Amino acid sequence: MTLKQVDGTLQPGADGQLQLQLKIASADVAALGWKHVGIDLQGALVRSSEDAWYCRGTLTLKGAPGGLMRKQGQFDLILDVGANTLQLDLGQDQNPAVSLALPLDQTSHVQARFIHMPLAWLQGPLSRAWAGRLTGGQLDGTLAMDFLPDGLQGAASLRLTKANFDGGSLAGQSVGLHGRLKIDVNATRSQVGLSGTLHGGDLLLGPVYANLPTHPTQLAFDLTAQGGSMRVDHLSYIDPDTLSLAGGFIFGADGSLHSMTMSRFGAHFPSAYEHYGKTWLATLGLNNLKTDGDLSGAVVLGANGLHTLRLRANGLDARDGGGRFRIEGLNGALDWNRNGTRPATTLAWNGLSMYRIPLGAGRSQWRSRDGVLRLQAPFYVPVFAGQFGVQRFEWQPDARKGNRVDMATTVTGVDMSKLSQALGWPRFHGTLAGSMPGLNYVDGTMRLQGGLSLNVFDGFVDVTDLSLKHPFGDTPELAADVRMQKLNLGAMTDVFDFGKITGDLHGDIDNLRLVDWSPVGFDAHLLADSGGRISQRAVNNLTSVGGGGIAGGLQGAVLKLFKSFRYDRIGLNCKLQGSVCTMSGLEPQGGGYLIVDGEGLPHLTVIGHQHRVSWPTLVARLRAAIDSGGPVVN
């Protein structure tokens, strides 16, 4: 203890009692966490018996941790030599808050009783064991503490009401707690043990955030702080019919999670999601889930990655609020370990869907060997009159870099009419098929080896070099190259209601990039070079898209006499970079570019004059070109 600028007086008052005035400019008390605390004490000193003194008055502290007695409060000090006791009672607004007592022959032992005491008043004494902050709430209960040469030890029975605290990895808001506490602090480490019940509020313990229910839940743990790091052992939490878990955590000095051992957990949905999983899953881009069923298992996470993952589902349902996925009736287990071989497991489901594409029921068998979870046999599920099959699936959860997922899949006979309707596209006929000999998941990106082939409009559309970043995040990013061969323009323009064009279309869309399913870049080349006919409406729409006009001496009045025209070639190119599309056509012509090269009489030539068009403007033109019954163009 260090005191500076001590000024005190003791003199008789008008009533004959001794009046005590004590002012200390700066007091440092390590056991209380005090540094440069100012003290202003005034009171009346009375000798109540031969061996006892009593002092009552006011006390104000300046700069004490947690705002202790920052506002003038009351104190009662009793020194009873005969009873071997020193007792100090503190209060504010005429209400008692804390009573401290210690034996005169063992001043290192303190007993305390708290009565609606502001929780923040404990900030100073707890600062030796915990680097966090107490910012609100009340405390009731009892505490016994021994101050040792190199630390302190204590035990308490406490009730916290609307407690607010922030310790980085351990934080709470309006938390209610009733339980027993043990404290053991020395020069090198601090230990705190807690066993009790929680009542409402919000609690953060490492990666676990909880919106606590109003009914009692059971919590117990042992916390050790040493060298800036924090370790939580023997963690046990039970919320009846909602969540139970047992395990521990280790946090670094910066509050980051170094390891986690969840030897047992069990969750019942939807209550487990609403109270404990909602905020954490939102950070992963999974918002507004609809859940039901049960999930249990164990997780061990070390400094070098995942070590153990065991999951068992019982009637689990999960549906993403954004319509990105749905799982119905998931039953079975997965059992993975970084080392050795684990027993084989089975996982089955009643239904799945991905981005509104429904997949039927399926059943799969799994086994973990040497850190890789492998599918033991291919499985197939129905999808829109066709079939989706998984021939190979290997998952390596602890892979810090490189392939976490490697899979081979096939798609056969998918009805494009049903698929297009499910995706909200104009309905058109055809089938989807493809073989994907490899699908890798690397650093948050799925990459497809092989390709998909769509048999649509009597031709083919091939998709290659397909990759998808953050597939279930808020802003998925898709990249691909697209090749089109011999698409029937008559069937295609009927579906998209652009105006009738006959002939065959082929082309490329290279370096296609979609962010949140909206185009941000591509290089498209569309060509119909086998001749055909084009309707007057299609001519008008192509003219609008290219920002051009009709050449070759054909006047508007004459044009109206014909419903369609013969053409030799149609070509239109667009390279999107940023928000600007660079336009071109079959060839340069008259300061513009040729879009339609007519054939025969009347001879039609359509020339585009705008070489750079903003993407929003081009989309608006396409929307205007399509009837309201057509698709929405993004």
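Everything quoted here is computed from the prediction, not taken from an experiment.

### Thoughts on the overall build of the protein chain
Counting its secondary structure elements, the protein chain contains 7 helices and 43 strands. Over its C-alpha trace the protein chain gives a radius of gyration of 38 Å, far above what one expects of a compact globule, namely 26 Å for 634 residues. C-alpha extents for the protein chain along the principal axes are approximately 130 × 60 × 35 Å. Counting every position in the protein chain, which comprises 634 residues, the buried fraction comes to 44%. Put simply, of all contacts in the protein chain between residues at least 6 apart along the chain, 46% involve residues at least 24 apart. Carbon and sulfur atoms make up 54% of the accessible area of the protein chain, which totals about 31300 Å². Taking the average location of the 54 positive side-chain charges in the protein chain and that of its 54 negative ones, the two points are 4 Å from each other.

### Some remarks on the packing of aromatic side chains
If you walk through the whole model with that rule in mind, you get 5 aromatic pairs. Both rings, one in tryptophan 366 and one in phenylalanine 393, keep their centres 5.4 Å apart while their planes meet at 85°; by these two values the pair is edge-to-face. On the criterion of sequence distance, the pair formed by tryptophan 366 in strand E25 (residues 362-369) and phenylalanine 393 in strand E28 (residues 386-395) is long-range, its members being 27 residues apart.

### Some words on the pattern of salt bridges
It is possible for side chains of opposite charge to pair when their charged atoms get near one another. Applying the stated criterion across every chain yields a total of 16 salt bridges. Note that aspartate 184 and arginine 189 form a salt bridge whose closest N and O atoms lie 3.5 Å from each other. Residue classification places arginine 189 among the buried positions, given a relative accessible area of 19%. For arginine 324, the salt bridge goes to aspartate 320, with nearest N and O atoms at 2.7 Å. Residue classification places aspartate 320 among the buried positions, given a relative accessible area of 3%. One network of salt bridges, with partners in common, ties together Arg483, Asp508 and Asp510.

### Overview of the nonpolar core
Trp34, Leu61, Phe114, Ile534, Met583 and Val596 are the most contacted members of the largest nonpolar core, which totals 147 residues. In this structure methionine 583 touches Val545, Leu572, Asn573, Cys574, Tyr593, Gln610, His611, Val613 and Leu618, once residues within four positions along its chain are discounted.

### Observations concerning the confidence of the model for the protein chain
Mean pLDDT over the protein chain stands at 86; residues scoring 70 or higher make up 94%. Mean pLDDT in the protein chain bottoms out at strand E37 (residues 549-551), which sits at 49, and peaks at strand E22 (residues 345-349), which reaches 97.

### What about the side chain of asparagine 573?
With respect to the helices and strands, the residue asparagine 573 is situated in strand E38 (residues 564-577). With relative accessibility at 14%, the residue asparagine 573 sits in the buried group. Residues in contact with asparagine 573, not counting those within four places in the same chain, are Ala524, His525, Leu526, Thr582, Met583, Ser584 and Gly585.

### Thoughts on the state of the cysteines
A covalent bond between the sulfur atoms of two cysteines is what we call a disulfide. In total, this model carries 1 disulfide according to the counting rule given. In this model, cysteine 574 is linked to cysteine 581 through a disulfide, with the two sulfur atoms separated by 1.5 Å. Linking cysteine 574 and cysteine 581, the disulfide has an S-S dihedral of approximately 60° and is accordingly described as right-handed. Each member of the pair, cysteine 574 together with cysteine 581, is buried.

### Brief notes about the environment of alanine 220
Structurally, alanine 220 can be placed in strand E15 (residues 217-226). Residues alanine 220 and valine 580, 360 residues apart in the sequence, show an inter-C-alpha distance of 60 Å. Setting aside residues up to four positions removed in sequence, alanine 220 forms contacts with Leu194, Ser195, His234, Leu235 and Ser236.

### As for the pairing of strand E35 (residues 518-528)
Bridge analysis of strand E34 (residues 504-515) against E35 gives 8 bridges, and the strand direction is antiparallel. Note that in E35 the partner of aspartate 508 across the bridge is histidine 525. What sits between E34 and E35 in their antiparallel hairpin is a turn of 2 residues, with aspartate 516 showing a positive phi close to 55°. Both E35 and E38 contribute to a ladder of 8 bridges, which runs antiparallel. Within the sheet, the bridge partner assigned to leucine 526 lies in E38 and is leucine 572.

### Quick notes on a nonpolar patch on the surface
There is a patch of nonpolar side chains on the surface, built from Met1, Leu3 and Val6 and spanning about 340 Å² of accessible area. For methionine 1, a relative accessible area of 76% corresponds to the exposed category.

### What about unusual backbone geometry?
Here the bond from phenylalanine 269 into proline 270 is cis, since omega is 15°, no more than 30 degrees from zero. With respect to the helices, strands and loops of the structure, proline 270 is situated in the loop between strand E18 (257-269) and helix H2 (271-282). You will see that aspartate 458, though not glycine, has its phi angle at about 65°, which is positive. Structurally, the position occupied by aspartate 458 is in the loop between strand E31 (445-456) and strand E32 (459-469). The backbone phi angle of lysine 486 is positive, close to 50°, even though this residue is not glycine. Tracing the chain through its elements places lysine 486 in strand E33 (residues 477-488).

### Points about the side chain of threonine 224
With respect to the helices and strands, the residue threonine 224 is situated in strand E15. For threonine 224, a relative accessible area of 17% gives the class buried. Not counting the four nearest positions on each side in its chain, threonine 224 is found in contact with Arg189, Ser190, Gln191, Ser229, Met230 and Arg231.

How each quantity is defined
- Residues numbered from 1 in each chain as written.
- Predicted model: local features only at pLDDT ≥ 70, side-chain atom pairs only at ≥ 80, totals over all residues.
- Heavy atoms only, no water.
- Helix = DSSP H or I, 4+ residues; strand = E, 2+ residues; numbered from the N terminus.
- Rg over C-alpha atoms; globule rule 2.2 N^0.38 Å.
- Buried < 20%, exposed > 50% of the residue type's maximum accessible area, 1.4 Å probe, protein only.
- Contact = heavy atoms within 4.5 Å.
- Areas by Shrake-Rupley, 256 points an atom, 1.4 Å probe, with all protein chains shown as cover.
- Lys, Arg positive; Asp, Glu negative; His and termini not counted.
- Charge placed at Lys NZ, Arg CZ, Asp CG, Glu CD.
- Phe/Tyr/Trp six-rings, centres within 6.5 Å; stacked < 30°, edge-to-face > 60°.
- Salt bridge = Lys/Arg side-chain N within 4 Å of Asp/Glu carboxyl O.
- Core = buried A, V, L, I, M, F, W, Y, C linked by side-chain atoms within 4.5 Å.
- pLDDT = per-residue confidence, 0-100.
- Disulfide = S-S within 2.5 Å.
- Pairing = 2+ DSSP bridges.
- Patch = residues over 30% accessible without salt bridge, like charges linked within 9 Å, V, L, I, M, F, W, Y side chains within 5 Å.

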